[in-house]
Number of protein chains: 2
Amino acid sequence: MIGGGFIKTLVVVGHPQIEDSSTQQFLKEAANLPDVIWHPVTSFAVNVAAEQALIKQADRLVLQFPLYWYSAPAILKNWLDQVLTRHFVYPAAMGGLVGKELGIAVSLGSPAKNFAAGAGEDFSISQIMIPFQALANKTQMTFLPTFIIDQFGYQSDDTKANLLIDYQRYLTQERLGHFDDKTNWLIGQLTDLITTVPEEKRQRLTLILEEIKNNQATLDDLQMNIKMIHDMED
Amino acid sequence: MIGGGFIKTLVVVGHPQIEDSSTQQFLKEAANLPDVIWHPVTSFAVNVAAEQALIKQADRLVLQFPLYWYSAPAILKNWLDQVLTRHFVYPAAMGGLVGKELGIAVSLGSPAKNFAAGAGEDFSISQIMIPFQALANKTQMTFLPTFIIDQFGYQSDDTKANLLIDYQRYLTQERLGHFDDKTNWLIGQLTDLITTVPEEKRQRLTLILEEIKNNQATLDDLQMNIKMIHDMED
């Protein structure tokens, strides 16, 4: 249980040289969390029934890969072609993917800011991900905002630390993209952590936790006030 | 030489069971034309140098496949991942794909009319093909309109006959999408055919050819007149 939620997440990693990728090794350590299954695809020979069973027990399916020619590498496409059989996903109302969430964690070799009309890549990441969005729609999954790993090799340590937190949230946070949820997720993480530390540190961490909760309550009040002012203006 | 042009076309067919596909067998017969190379990808083991040499001698590259989860099947994606190496395609100004044309011939299992906002598939074929368009842009190829094979198994013989002509044009016609060019392409085909038939049929076919050419000239005149009338109105 992470951040107050009960999300079970399956991360299907498709990378032809996963052991040699510093990006994937970094993300692998970050994904070492309860209720997260790190599942690298290492062969074109797929055990369809076993993979389908893995998917069934997950609430969130994250396809993770480096962008190869504006799509997933062949090893991951093969996994999709093999595992998502007609029989497994249809009829959609009773299909094996209905009600789950589909996330894409994509690492880029060229800068993320280039993915825009008129920039170096012409198309946005959202446009490039349309085939995956179409898959989600067809199988009655909720398509999540794509998680972008922007030229990992060029990032500073600070940026990498932020990436780690954001990635852990992407894998485990119940609702994504809501303003309050980052703090609530951190409160959940800290609450879990406190139960595991020695007694002498626990008191100090509990004080920090209370402080964060108070700040969040203050922030909530402020947002409520701003909303009321706006409502009166309308 | 087809229809007055000198287009050399490489058709890369990615289908996991190509021999069992009546669509692909039909298209294979239709593609039996001079200057067209029919090139099925039958293995995940790719001879990169040989494939790159095949591409180099082509003016038009057609990727042909059934739509699997809104993208190419893994066997074709693997071919792209392996063959289109950095070294081969960059720097783009001197790359192995510069100035060529990229076409997509895609066969659909659900009706083409469903590929639209609000219809069964939500997205258009143009949207779904964005990764291929992005590939064409990046490597300085011209992206052609996608050739759609709409539920081949359900088509009438008449529709299939039209599909055959349109497909042959897609592979061989110098400029695609121009109104006049279909007739000019047919005139070229007939001109070629006449040289190969026995003397007694040649005269008759030559008369038919003249008739078609006259019709085309009349059509050109009519279009010119309509254009002049419009220009005067403006």
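Scroll up to find the structure this text is about.
Residues numbered from 1 in each chain as written. Chains lettered and ligands numbered in written order. Predicted model: local features only at pLDDT ≥ 70, side-chain atom pairs only at ≥ 80, totals over all residues. Heavy atoms only, no water.

In terms of regular secondary structure, chain A is built from nine helices and six strands. Principal-axis analysis of the C-alpha atoms gives chain A an extent of 50 × 50 × 45 Å. Out of the 234 residues in chain A, the part that is buried amounts to 46%. A total accessible area of about 12100 Å² is found for chain A, and carbon and sulfur atoms account for 54% of it. Computing the positive centroid from 18 side-chain charges and the negative centroid from 27, chain A places the two 6 Å apart. (Helix = DSSP H or I, 4+ residues; strand = E, 2+ residues; numbered from the N terminus. Buried < 20%, exposed > 50% of the residue type's maximum accessible area, 1.4 Å probe, protein only. Areas by Shrake-Rupley, 256 points an atom, 1.4 Å probe, with all protein chains shown as cover. Lys, Arg positive; Asp, Glu negative; His and termini not counted. Charge placed at Lys NZ, Arg CZ, Asp CG, Glu CD.)

Aromatic rings in a pair are described by how distant their centres are and how their planes are angled relative to each other. In this structure the tally under the stated criterion is 13 aromatic pairs over all chains. For the ring pair Phe 147 of chain B and Tyr 170 of chain B, a centre distance of 5.2 Å and an interplane angle of 35° mean the geometry is tilted. In this pair, Phe 147 of chain B sits in strand S6 (residues 147–150) while Tyr 170 of chain B sits in helix H7 (residues 157–172), placing the two residues 23 residues apart along the sequence. Each member of the pair, Phe 147 of chain B together with Tyr 170 of chain B, is buried. Linked through ring pairs, Trp 69 and Tyr 70 of chain A together with Tyr 90 of chain B together constitute an aromatic cluster. (Phe/Tyr/Trp six-rings, centres within 6.5 Å; stacked < 30°, edge-to-face > 60°.)

Take the packing of H7 of chain B against helix H8 (residues 181–194) of chain B next. Residue and element names in this part refer to chain B. H8 packs onto H7 with a crossing angle of 90° between their chain directions and a minimal axis gap of 11 Å. Judged by the angle between their axes, H7 and H8 are roughly perpendicular. Of the residues in H8, those touching H7 at Ile 165, Asp 166, Gln 168, Arg 169 and Thr 172 are Lys 182, Trp 185 and Gln 189. (Axes fitted to C-alpha atoms, helices over the stretch in contact; angles between N-to-C directions. Parallel < 35°, antiparallel > 145°, perpendicular 65-115°, else oblique. Contact = heavy atoms within 4.5 Å.)

Our next topic: the relation of the copies chain B and chain A. Between chain B and chain A, which share one sequence, the superposing operator has a rotation angle of 180° and an axial displacement of 0.0 Å; the RMSD is 0.1 Å. Expressed as an axis order, the relation between the two copies is that of a two-fold axis. Taking C-alpha positions as the reference, the residue of chain B nearest the rotation axis is Ala 74 of chain B, at 2.5 Å. A shared interface surface links the copies, since 100% of the contact residues of chain B are contact residues in chain A too. (Least-squares fit on C-alpha atoms with pLDDT ≥ 70 in both.)

Another point: the interface of chain B and chain A. Contact residues are listed per partner, giving 29 residues for chain B and 29 residues for chain A. Together chain B and chain A conceal approximately 2500 Å² of surface at their shared face, both sides included; 67% is due to carbon and sulfur atoms. On inspection of chain B and its partner chain A, the count reaches twelve residue pairs in polar contact (both at pLDDT 80 or more). Broken down by secondary-structure element, the contributors of at least two residues to the side of chain B that touches chain A are helix H3 (74–83), helix H5 (125–128) and helix H6 (130–138) of chain B. Of the residues forming the side of chain B that touches chain A, the biggest block, seven residues, is contributed by H6 of chain B. The class makeup of the residues in the side of chain B that touches chain A is 17 nonpolar, seven polar and five charged. (Buried area = accessible area lost by both parts, 1.4 Å probe. Polar contact = N/O pair within 3.5 Å; in protein donor to acceptor, adjacent residues only side chain to side chain. Nonpolar A, V, L, I, M, F, W, Y, C, P; charged D, E, K, R; others polar.)

So, on to the pairing of strand S3 (residues 60–66) of chain B. Residues and elements named next belong to chain B. Most of S3 sits inside the fold, with seven of its seven residues counted as buried. Burial of the side chains of S3 extends over both faces: Arg 60, Val 62, Gln 64 and Pro 66 are buried on one face and Leu 61, Leu 63 and Phe 65 on the other. Relative to S3, strand S1 (residues 9–14) is paired through five bridges, and the arrangement is parallel. Paired with Val 12 across the two strands is Leu 63, which belongs to S3. Sheet topology places S3 next to strand S4 (residues 101–108); seven bridges connect them, and they run parallel. Within the sheet, the bridge partner assigned to Leu 61 lies in S4 and is Leu 102. (Pairing = 2+ DSSP bridges.)

Turning our eyes to something else, we now look at the pattern of salt bridges. All names here are of chain A. Considering all chains together, one arrives at twelve salt bridges over all chains under this definition. For Arg 202, the salt bridge goes to Glu 199, with nearest N and O atoms at 3.8 Å. With Arg 202 and Glu 199 both in helix H9 (residues 199–233), this residue pair falls three residues apart, about one helical turn. Taking the relative accessible area as the measure of exposure, Arg 202 reaches 30% and is therefore partly exposed. Judged by its relative accessible area of 60%, Glu 199 falls in the exposed class. (Salt bridge = Lys/Arg side-chain N within 4 Å of Asp/Glu carboxyl O.)

Now for the packing of helix H8 (residues 181–194) of chain A against H9 of chain A. All names here are of chain A. For the pair H8 and H9, the least separation of the axes is 10 Å and the interaxial angle reads 165°. By the angle class used here, H8 and H9 are roughly antiparallel. H8 and H9 meet at a crossing whose hand is left-handed. The segment H8 lies against H9, with Thr 183, Asn 184, Ile 187, Leu 190, Thr 191 and Ile 194 engaging Arg 202, Leu 205, Thr 206, Ile 208, Leu 209, Ile 212, Lys 213 and Gln 216. Of the residues that constitute the contact of H8 with H9, the class distribution is seven nonpolar, five polar and two charged. (Left-handed = near helix turned anticlockwise from the far one by under 90°.)

Residues and elements named next belong to chain A. By secondary structure assignment, the location of Thr 23 is in helix H1 (residues 22–30). Note on Thr 23: relative accessible area 13%, which makes it buried. When residues no more than four places from it in sequence are discounted, the contact partners of Thr 23 are Ser 107, Ile 149 and Phe 152.

Another point: the side chain of His 15 of chain A. All names here are of chain A. By the element assignment, His 15 lies in the loop between strand S1 (9–14) and H1. For His 15, a relative accessible area of 12% corresponds to the buried category. Here Gln 17 takes part through its backbone nitrogen, which lies 3.0 Å from a polar atom of the side chain of His 15.

What follows covers the nonpolar core. By size, the foremost hydrophobic cluster in this structure holds 75 residues, and its most contacted members are Leu 63 of chain A together with Leu 63 and Trp 79 of chain B. Contact partners of Trp 79 of chain B, with chain neighbours within four places excluded, come to Val 12, His 39, Val 41, Val 46, Glu 51, Ile 55, Leu 61, Leu 63 and Leu 84 of chain B. Counting 21 residues, the second-largest nonpolar core is a separate cluster that includes Ala 31, Leu 33, Ala 105 and Phe 152 of chain A. (Core = buried A, V, L, I, M, F, W, Y, C linked by side-chain atoms within 4.5 Å.)

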